[in-house]
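Chain by chain, the residues run as shown.
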Amino acid sequence: MEVRVENGGSYEVGKSGWGKSLPVPSIQEIVRSDSQSEGPIISEYVADSLEIPVIDFSFLANGDEDEVQKLHLACKDWGFFHVINHGVKEQILEKIKAAVAAFFELPFQEKKKYAKAENETEGYGQNFVVSEHQKLDWSDMIYLLTLPSQNRNFKFWPLSFPGFKEASEEYSREMQKIAEELQANFSVLMGLKRDGLKRLQGGELKQGIRKNYYPICSRPDLVLGCSPHSDGTSFTLLLQDDDVPGLQIKHNEAWVPVKPIPNSLVVNIGDATEIQSNGMYKSIEQRAIINEKKPRISIATFMFPDDEQEIGPVETMIDDQNHPKLYRNIKYVDYVREMFSRKMEGKAHSTQFTKLHDK
Ligand code: OGA
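To keep things clear, this report deals only with the structure shown in the data block. For clarity, every value in this text was computed on a predicted model and none was experimentally measured.

## A few points about the overall build of the chain
Of the regular secondary structure elements, the chain holds nine helices and 14 strands. Here the chain, with 359 residues, has 56% of them falling under the buried criterion. Residue pairs at least 24 apart in sequence account for 79% of intrachain contacts in the chain once pairs closer than 6 positions are excluded. Element-wise, carbon and sulfur atoms account for 49% of the exposed surface of the chain, whose accessible area totals about 15700 Å².

As C-alpha coordinates, this is what we get:
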(Lines give C-alpha, C1' and ligand atoms only; values in the text may rest on other atoms or scores of the structure.)
Protein backbone atom coordinates (compact mmCIF):
# COMPACT_ATOMS: atom_id res chain seq x y z
CA MET A 1 0.00 0.00 0.00
CA GLU A 2 1.64 3.20 -1.07
CA VAL A 3 1.50 6.25 1.08
CA ARG A 4 2.71 9.47 -0.46
CA VAL A 5 5.22 11.43 1.58
CA GLU A 6 6.50 14.89 0.82
CA ASN A 7 10.20 14.37 1.04
CA GLY A 8 11.56 15.00 4.54
CA GLY A 9 10.54 18.68 4.67
CA SER A 10 9.76 20.52 7.85
CA TYR A 11 6.05 21.00 8.37
CA GLU A 12 4.16 23.89 9.81
CA VAL A 13 2.13 22.64 12.72
CA GLY A 14 -1.55 23.45 12.09
CA LYS A 15 -4.13 25.28 14.17
CA SER A 16 -4.47 22.58 16.80
CA GLY A 17 -0.69 22.84 17.26
CA TRP A 18 -0.34 19.15 18.08
CA GLY A 19 1.43 17.71 15.07
CA LYS A 20 1.04 16.15 11.69
CA SER A 21 0.20 12.83 10.09
CA LEU A 22 0.70 11.95 6.46
CA PRO A 23 -2.28 11.66 4.11
CA VAL A 24 -3.33 8.07 3.51
CA PRO A 25 -5.95 6.30 1.41
CA SER A 26 -9.34 5.63 2.98
CA ILE A 27 -9.40 2.09 4.35
CA GLN A 28 -13.12 1.88 3.50
CA GLU A 29 -12.22 2.58 -0.14
CA ILE A 30 -9.46 -0.03 -0.13
CA VAL A 31 -11.95 -2.62 1.11
CA ARG A 32 -14.32 -1.57 -1.64
CA SER A 33 -11.64 -2.06 -4.29
CA ASP A 34 -10.63 -5.31 -2.58
CA SER A 35 -6.88 -4.68 -2.54
CA GLN A 36 -5.70 -5.74 0.87
CA SER A 37 -2.22 -5.42 2.24
CA GLU A 38 -0.01 -7.77 4.16
CA GLY A 39 -0.17 -7.34 7.91
CA PRO A 40 0.89 -8.70 11.28
CA ILE A 41 -0.33 -12.12 12.29
CA ILE A 42 -2.27 -11.78 15.52
CA SER A 43 -0.82 -14.62 17.48
CA GLU A 44 -0.20 -13.36 21.01
CA TYR A 45 -1.95 -14.88 23.98
CA VAL A 46 -5.54 -13.68 24.42
CA ALA A 47 -6.96 -14.16 27.94
CA ASP A 48 -10.60 -14.57 27.00
CA SER A 49 -11.89 -15.43 30.46
CA LEU A 50 -10.71 -12.24 32.21
CA GLU A 51 -13.01 -9.21 32.63
CA ILE A 52 -12.14 -5.60 33.40
CA PRO A 53 -13.73 -4.10 36.58
CA VAL A 54 -17.19 -2.51 36.50
CA ILE A 55 -17.78 0.83 38.26
CA ASP A 56 -21.30 2.00 39.09
CA PHE A 57 -21.24 5.72 38.35
CA SER A 58 -24.42 6.43 40.34
CA PHE A 59 -22.70 5.17 43.53
CA LEU A 60 -19.60 7.18 42.76
CA ALA A 61 -21.58 10.37 42.21
CA ASN A 62 -23.24 9.82 45.60
CA GLY A 63 -19.87 9.59 47.33
CA ASP A 64 -20.12 5.86 48.12
CA GLU A 65 -16.77 4.99 49.79
CA ASP A 66 -16.75 1.35 48.66
CA GLU A 67 -17.20 2.41 45.05
CA VAL A 68 -14.38 4.96 45.38
CA GLN A 69 -12.12 2.13 46.60
CA LYS A 70 -13.23 -0.02 43.69
CA LEU A 71 -12.31 2.84 41.37
CA HIS A 72 -8.88 3.09 43.01
CA LEU A 73 -8.19 -0.63 42.48
CA ALA A 74 -9.52 -0.53 38.92
CA CYS A 75 -7.12 2.33 38.04
CA LYS A 76 -4.19 0.75 39.87
CA ASP A 77 -4.54 -2.88 38.80
CA TRP A 78 -6.15 -2.50 35.37
CA GLY A 79 -6.07 1.11 34.14
CA PHE A 80 -9.38 0.24 32.46
CA PHE A 81 -12.95 -0.16 33.68
CA HIS A 82 -16.56 -0.21 32.49
CA VAL A 83 -18.81 2.61 33.73
CA ILE A 84 -22.43 1.61 34.15
CA ASN A 85 -25.41 3.67 35.37
CA HIS A 86 -23.77 6.84 34.10
CA GLY A 87 -27.12 8.56 33.61
CA VAL A 88 -26.70 9.37 29.90
CA LYS A 89 -30.01 8.68 28.16
CA GLU A 90 -29.96 5.73 25.79
CA GLN A 91 -31.50 7.96 23.15
CA ILE A 92 -28.42 10.24 23.22
CA LEU A 93 -26.11 7.26 22.75
CA GLU A 94 -28.24 5.92 19.90
CA LYS A 95 -28.29 9.33 18.23
CA ILE A 96 -24.52 9.73 18.19
CA LYS A 97 -23.98 6.15 17.02
CA ALA A 98 -26.47 6.64 14.18
CA ALA A 99 -24.88 9.95 13.15
CA VAL A 100 -21.42 8.37 13.08
CA ALA A 101 -22.61 5.31 11.13
CA ALA A 102 -24.36 7.56 8.60
CA PHE A 103 -21.25 9.77 8.24
CA PHE A 104 -19.04 6.82 7.35
CA GLU A 105 -21.65 5.60 4.87
CA LEU A 106 -21.40 8.85 2.89
CA PRO A 107 -19.65 8.56 -0.48
CA PHE A 108 -15.87 8.99 -0.22
CA GLN A 109 -15.99 12.24 -2.23
CA GLU A 110 -18.34 13.69 0.38
CA LYS A 111 -16.24 12.59 3.38
CA LYS A 112 -13.11 13.90 1.71
CA LYS A 113 -14.44 17.44 2.15
CA TYR A 114 -13.55 17.08 5.85
CA ALA A 115 -10.17 15.42 5.25
CA LYS A 116 -7.44 16.24 7.71
CA ALA A 117 -4.58 18.29 6.42
CA GLU A 118 -1.13 16.80 6.78
CA ASN A 119 -0.18 19.29 9.47
CA GLU A 120 -3.40 18.87 11.49
CA THR A 121 -4.63 16.17 13.80
CA GLU A 122 -8.30 17.08 13.23
CA GLY A 123 -10.56 15.86 10.44
CA TYR A 124 -11.28 12.70 8.46
CA GLY A 125 -8.39 10.29 7.77
CA GLN A 126 -5.79 8.63 9.98
CA ASN A 127 -3.32 9.97 12.53
CA PHE A 128 0.11 8.73 13.62
CA VAL A 129 1.25 8.02 10.05
CA VAL A 130 4.88 9.11 10.01
CA SER A 131 6.50 7.09 7.22
CA GLU A 132 5.63 5.84 3.77
CA HIS A 133 6.77 2.37 4.81
CA GLN A 134 4.39 2.19 7.75
CA LYS A 135 1.69 -0.42 7.67
CA LEU A 136 -1.67 1.27 8.04
CA ASP A 137 -4.30 0.51 10.63
CA TRP A 138 -7.46 -1.05 9.21
CA SER A 139 -9.68 1.89 10.10
CA ASP A 140 -10.80 5.38 9.17
CA MET A 141 -11.57 8.08 11.69
CA ILE A 142 -12.82 11.61 12.09
CA TYR A 143 -11.27 13.51 14.99
CA LEU A 144 -12.77 16.80 16.19
CA LEU A 145 -11.90 19.10 19.07
CA THR A 146 -15.12 19.66 20.99
CA LEU A 147 -14.44 21.55 24.26
CA PRO A 148 -14.00 24.32 25.13
CA SER A 149 -16.37 25.30 22.35
CA GLN A 150 -14.02 28.02 21.05
CA ASN A 151 -11.61 25.20 20.07
CA ARG A 152 -14.11 23.87 17.53
CA ASN A 153 -12.71 23.99 14.06
CA PHE A 154 -15.90 23.82 12.00
CA LYS A 155 -14.18 23.36 8.66
CA PHE A 156 -13.73 19.71 9.70
CA TRP A 157 -17.34 19.26 10.90
CA PRO A 158 -19.83 17.76 8.41
CA LEU A 159 -22.28 20.59 9.16
CA SER A 160 -24.47 20.00 6.12
CA PHE A 161 -25.09 16.48 7.31
CA PRO A 162 -28.39 16.35 9.25
CA GLY A 163 -28.06 15.66 12.97
CA PHE A 164 -24.28 15.28 13.19
CA LYS A 165 -23.55 18.60 14.93
CA GLU A 166 -26.46 18.36 17.35
CA ALA A 167 -25.72 14.73 18.27
CA SER A 168 -22.01 15.50 18.72
CA GLU A 169 -22.64 18.54 20.91
CA GLU A 170 -25.17 16.76 23.09
CA TYR A 171 -22.88 13.75 23.49
CA SER A 172 -19.89 15.99 24.22
CA ARG A 173 -21.78 17.75 27.07
CA GLU A 174 -22.76 14.42 28.64
CA MET A 175 -19.20 13.07 28.47
CA GLN A 176 -17.89 16.25 30.10
CA LYS A 177 -20.21 15.80 33.10
CA ILE A 178 -19.02 12.23 33.63
CA ALA A 179 -15.41 13.26 33.14
CA GLU A 180 -15.65 16.03 35.77
CA GLU A 181 -16.96 13.60 38.38
CA LEU A 182 -14.24 11.06 37.55
CA GLN A 183 -11.55 13.75 37.68
CA ALA A 184 -12.79 14.89 41.12
CA ASN A 185 -12.55 11.30 42.36
CA PHE A 186 -9.05 10.86 40.93
CA SER A 187 -8.04 14.07 42.75
CA VAL A 188 -9.27 12.80 46.10
CA LEU A 189 -7.58 9.43 45.53
CA MET A 190 -4.30 11.29 44.90
CA GLY A 191 -4.64 13.09 48.23
CA LEU A 192 -5.90 16.37 46.76
CA LYS A 193 -9.15 18.32 47.11
CA ARG A 194 -11.90 17.51 44.60
CA ASP A 195 -10.79 20.38 42.38
CA GLY A 196 -7.05 19.63 42.79
CA LEU A 197 -6.40 18.05 39.39
CA LYS A 198 -8.63 20.59 37.70
CA ARG A 199 -6.42 23.38 39.03
CA LEU A 200 -3.20 21.53 38.13
CA GLN A 201 -4.46 20.91 34.61
CA GLY A 202 -5.32 24.54 33.88
CA GLY A 203 -9.09 24.60 34.55
CA GLU A 204 -11.83 22.67 32.76
CA LEU A 205 -10.65 19.50 31.05
CA LYS A 206 -10.27 19.91 27.29
CA GLN A 207 -12.08 17.45 25.07
CA GLY A 208 -11.75 15.93 21.60
CA ILE A 209 -13.87 13.17 20.09
CA ARG A 210 -12.55 10.57 17.69
CA LYS A 211 -15.08 8.50 15.78
CA ASN A 212 -13.61 5.27 14.44
CA TYR A 213 -14.89 3.07 11.64
CA TYR A 214 -13.37 -0.40 11.32
CA PRO A 215 -14.36 -2.03 8.00
CA ILE A 216 -14.67 -5.79 7.69
CA CYS A 217 -11.63 -7.75 6.56
CA SER A 218 -11.66 -11.23 5.06
CA ARG A 219 -8.35 -11.94 6.87
CA PRO A 220 -8.78 -10.29 10.29
CA ASP A 221 -5.72 -12.21 11.51
CA LEU A 222 -3.52 -10.19 9.15
CA VAL A 223 -4.47 -6.67 10.17
CA LEU A 224 -5.09 -4.53 13.24
CA GLY A 225 -7.86 -1.93 13.43
CA CYS A 226 -5.83 0.12 15.86
CA SER A 227 -2.18 -0.59 16.68
CA PRO A 228 -1.16 -1.11 20.31
CA HIS A 229 -0.82 2.24 22.06
CA SER A 230 -1.48 4.00 25.32
CA ASP A 231 -3.52 7.21 25.28
CA GLY A 232 -1.73 10.53 25.73
CA THR A 233 -4.79 11.88 27.53
CA SER A 234 -5.75 12.47 31.15
CA PHE A 235 -8.29 9.75 30.54
CA THR A 236 -10.55 8.48 27.75
CA LEU A 237 -14.23 7.50 27.63
CA LEU A 238 -15.02 4.95 24.93
CA LEU A 239 -18.46 4.10 23.60
CA GLN A 240 -18.17 0.68 21.99
CA ASP A 241 -20.38 -1.02 19.48
CA ASP A 242 -22.78 -3.17 21.56
CA ASP A 243 -22.72 -6.05 19.08
CA VAL A 244 -19.22 -6.13 17.60
CA PRO A 245 -16.34 -6.56 20.06
CA GLY A 246 -12.87 -5.38 19.08
CA LEU A 247 -11.10 -3.61 21.94
CA GLN A 248 -8.32 -5.56 23.70
CA ILE A 249 -6.10 -4.36 26.54
CA LYS A 250 -2.74 -5.55 27.82
CA HIS A 251 -2.94 -7.08 31.28
CA ASN A 252 -0.11 -9.17 32.78
CA GLU A 253 1.41 -9.70 29.32
CA ALA A 254 -1.85 -11.08 27.84
CA TRP A 255 -4.41 -9.32 25.66
CA VAL A 256 -7.78 -9.17 27.41
CA PRO A 257 -10.83 -8.60 25.18
CA VAL A 258 -13.20 -5.95 26.57
CA LYS A 259 -16.62 -7.45 26.01
CA PRO A 260 -19.18 -4.70 25.43
CA ILE A 261 -21.80 -4.10 28.14
CA PRO A 262 -24.70 -2.44 26.29
CA ASN A 263 -24.99 1.30 26.92
CA SER A 264 -21.96 1.38 29.20
CA LEU A 265 -18.74 3.32 28.65
CA VAL A 266 -15.21 2.00 28.86
CA VAL A 267 -12.86 4.38 30.68
CA ASN A 268 -9.09 4.20 30.62
CA ILE A 269 -6.37 6.09 32.43
CA GLY A 270 -4.18 8.11 30.06
CA ASP A 271 -0.50 9.03 30.24
CA ALA A 272 -1.11 12.41 31.94
CA THR A 273 -2.86 10.71 34.88
CA GLU A 274 -0.17 8.03 35.07
CA ILE A 275 2.42 10.80 35.30
CA GLN A 276 0.45 12.89 37.81
CA SER A 277 -0.19 9.87 40.03
CA ASN A 278 3.58 9.13 39.92
CA GLY A 279 2.85 5.72 38.43
CA MET A 280 0.18 4.61 40.92
CA TYR A 281 -2.35 4.52 38.09
CA LYS A 282 -1.40 2.92 34.80
CA SER A 283 -1.99 4.06 31.25
CA ILE A 284 -2.36 0.66 29.63
CA GLU A 285 -1.67 -0.52 26.10
CA GLN A 286 -4.76 -1.14 24.03
CA ARG A 287 -5.49 -2.23 20.47
CA ALA A 288 -8.55 -2.93 18.33
CA ILE A 289 -8.98 -6.05 16.26
CA ILE A 290 -11.09 -6.44 13.14
CA ASN A 291 -14.18 -8.48 12.45
CA GLU A 292 -14.59 -10.64 9.39
CA LYS A 293 -18.33 -10.16 8.97
CA LYS A 294 -19.39 -6.89 10.57
CA PRO A 295 -17.91 -3.41 10.49
CA ARG A 296 -17.43 -1.83 13.92
CA ILE A 297 -17.87 1.71 15.14
CA SER A 298 -16.40 3.18 18.31
CA ILE A 299 -16.43 6.70 19.73
CA ALA A 300 -13.47 7.76 21.87
CA THR A 301 -13.79 10.93 23.95
CA PHE A 302 -10.35 12.16 24.93
CA MET A 303 -10.08 14.35 28.05
CA PHE A 304 -6.84 16.27 28.39
CA PRO A 305 -5.12 19.15 30.21
CA ASP A 306 -4.49 22.62 28.86
CA ASP A 307 -1.62 22.72 26.32
CA GLU A 308 0.35 25.29 28.31
CA GLN A 309 0.12 23.42 31.59
CA GLU A 310 3.15 21.63 32.98
CA ILE A 311 2.38 18.01 33.82
CA GLY A 312 4.34 16.14 36.46
CA PRO A 313 3.84 13.90 39.49
CA VAL A 314 1.73 15.76 42.07
CA GLU A 315 3.45 16.56 45.38
CA THR A 316 1.13 14.34 47.40
CA MET A 317 2.22 11.32 45.34
CA ILE A 318 5.97 11.80 45.87
CA ASP A 319 7.82 10.52 48.89
CA ASP A 320 11.59 10.53 48.47
CA GLN A 321 12.05 7.43 50.64
CA ASN A 322 9.33 5.16 49.30
CA HIS A 323 7.95 6.73 46.13
CA PRO A 324 10.62 8.89 44.46
CA LYS A 325 9.57 11.02 41.53
CA LEU A 326 9.32 8.70 38.50
CA TYR A 327 8.64 11.18 35.66
CA ARG A 328 10.07 14.53 34.72
CA ASN A 329 7.76 17.53 34.35
CA ILE A 330 6.80 18.46 30.81
CA LYS A 331 4.55 21.06 29.21
CA TYR A 332 1.52 19.17 27.95
CA VAL A 333 1.75 20.48 24.38
CA ASP A 334 5.38 19.28 24.19
CA TYR A 335 4.28 15.86 25.39
CA VAL A 336 1.55 15.65 22.76
CA ARG A 337 3.80 16.86 19.95
CA GLU A 338 6.35 14.20 20.84
CA MET A 339 3.57 11.62 20.84
CA PHE A 340 2.20 12.66 17.42
CA SER A 341 5.69 12.54 15.90
CA ARG A 342 5.81 8.76 16.41
CA LYS A 343 3.72 5.94 15.08
CA MET A 344 1.56 4.11 17.56
CA GLU A 345 3.76 1.44 19.01
CA GLY A 346 2.82 0.31 22.48
CA LYS A 347 3.86 2.21 25.59
CA ALA A 348 7.10 3.32 23.96
CA HIS A 349 5.25 5.98 22.04
CA SER A 350 4.26 7.87 25.14
CA THR A 351 5.22 7.80 28.82
CA GLN A 352 8.67 6.38 28.12
CA PHE A 353 10.13 9.72 27.14
CA THR A 354 9.28 11.35 30.48
CA LYS A 355 10.36 8.42 32.66
CA LEU A 356 13.18 9.13 35.13
CA HIS A 357 13.66 5.61 36.46
CA ASP A 358 12.33 2.15 35.78
CA LYS A 359 9.93 1.08 38.43
C1 OGA B 1 -8.71 5.00 19.98
C2 OGA B 1 -8.84 3.59 20.45
C3 OGA B 1 -10.20 1.60 20.58
C4 OGA B 1 -11.46 1.06 20.00
O5 OGA B 1 -9.61 5.48 19.28
O6 OGA B 1 -7.68 5.62 20.34
O7 OGA B 1 -7.97 3.11 21.14
O8 OGA B 1 -11.95 0.07 20.52
N9 OGA B 1 -9.93 2.92 20.12
O10 OGA B 1 -11.95 1.59 19.01
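So much for the structure itself; the text now carries on.
## With respect to the nonpolar core
Counting 52 residues, the largest nonpolar core has Phe-81, Phe-103, Tyr-171, Leu-182, Phe-186 and Phe-235 as the members making the most contacts within it. When residues in this core are grouped by element, the largest group, nine residues, is from helix 6 (residues 164-189). In this structure Phe-186 touches Leu-71, Cys-75, Phe-81, Leu-197, Phe-235 and Ile-269, once residues within four positions along its chain are discounted. Counting residues in hydrophobic clusters, the runner-up holds 31 residues, among them Val-256, Val-258, Tyr-332 and Met-339.

## So, helix 6
Between the first and last C-alpha of helix 6 there are 37 Å, a value that for 26 residues agrees with the 38 Å anticipated at 1.5 Å per step. Within helix 6, 20 of the 26 residues are buried, leaving the element largely enclosed by the surrounding structure. Within two residues after helix 6, Gly-191 carries a phi angle of roughly 80 degrees, on the positive side.

## Here we look at the sheet that holds strand 4 (residues 140-147)
Strand order in this open sheet of eight strands is 1-2-10-7-12-5-4-3, and the pairing throughout is mixed. Looking at which strands have only one partner, the edges of the open sheet turn out to be strand 1 (54-56) and strand 3 (123-125). Between one strand and the next, the sheet's axes are offset by a mean angle of 25 degrees, whatever the strand orientation. In terms of strand pairing, strand 1 meets strand 2 (residues 80-84) through three bridges, oriented parallel. Bridge pairing in strand 2 places Ile-55 opposite Val-83. Strands strand 2, strand 4, strand 5 (206-214), strand 7 (235-239), strand 10 (265-269) and strand 12 (296-304) of the sheet are contacted by helix 6, whose axis makes an angle of about 135 degrees with strand 7.

## Structural notes on the environment of Asp-319
Residue placement: Asp-319 occurs in the loop between strand 13 (310-311) and strand 14 (330-331). Exposure remark for Asp-319: the relative accessible area of 28% places this residue in the partly exposed category. Polar side-chain contacts of Asp-319 include one of 3.0 Å to the backbone nitrogen of Gln-321.

## Here we look at the pattern of salt bridges
Tallied over the entire structure, the rule returns 16 salt bridges. Residue Lys-76 is joined to Asp-77 by a salt bridge in which the shortest nitrogen-to-oxygen separation is 3.6 Å. Of the charged contacts, one joins Glu-170 and Lys-95 as a salt bridge, the two residues approaching to 3.1 Å between their closest N and O atoms. In this pair, Glu-170 is assigned in helix 6 and Lys-95 in helix 4 (residues 90-105), connecting sequence segments 75 residues apart. Look at the salt bridges and you will find they share partners, linking Lys-95, Glu-166 and Glu-170 into a network.

## Details of the packing of aromatic side chains
Going through the model one piece at a time under the given rule, you end up with eleven aromatic pairs. Measuring from ring centre to ring centre gives 5.9 Å for Phe-103 and Tyr-124, while their planes differ by 80 degrees; the resulting arrangement is edge-to-face. Of this pair, Phe-103 sits in helix 4 while Tyr-124 sits in strand 3, and the two are 21 residues apart along the sequence. Note on Phe-103: relative accessible area 0%, which makes it buried. The exposure class assigned to Tyr-124 is buried, which follows from its relative accessible area of 5%. Centre to centre, the rings of Phe-304 and Tyr-332 are 6.4 Å apart; their planes meet at 15 degrees, and the pair counts as stacked. Highlighted residues: Phe-304 in strand 12 and Tyr-332 in helix 9 (residues 332-340), separated in sequence by 28 residues. Across this residue pair, the class does not change: Phe-304 and Tyr-332 are buried. What links up through ring pairs into an aromatic cluster is the set Phe-103, Phe-104, Tyr-114, Tyr-124, Phe-164 and Tyr-213.

Cut-offs applied
Residues numbered from 1 in each chain as written. Predicted model: local features only at pLDDT ≥ 70, side-chain atom pairs only at ≥ 80, totals over all residues. Heavy atoms only, no water. Helix = DSSP H or I, 4+ residues; strand = E, 2+ residues; numbered from the N terminus. Buried < 20%, exposed > 50% of the residue type's maximum accessible area, 1.4 Å probe, protein only. Contact = heavy atoms within 4.5 Å. Areas by Shrake-Rupley, 256 points an atom, 1.4 Å probe, with all protein chains shown as cover. Core = buried A, V, L, I, M, F, W, Y, C linked by side-chain atoms within 4.5 Å. Expected span 1.5 Å × (residues − 1). Pairing = 2+ DSSP bridges. Axes fitted to C-alpha atoms, helices over the stretch in contact; angles between N-to-C directions. Polar contact = N/O pair within 3.5 Å; in protein donor to acceptor, adjacent residues only side chain to side chain. Salt bridge = Lys/Arg side-chain N within 4 Å of Asp/Glu carboxyl O. Phe/Tyr/Trp six-rings, centres within 6.5 Å; stacked < 30°, edge-to-face > 60°.

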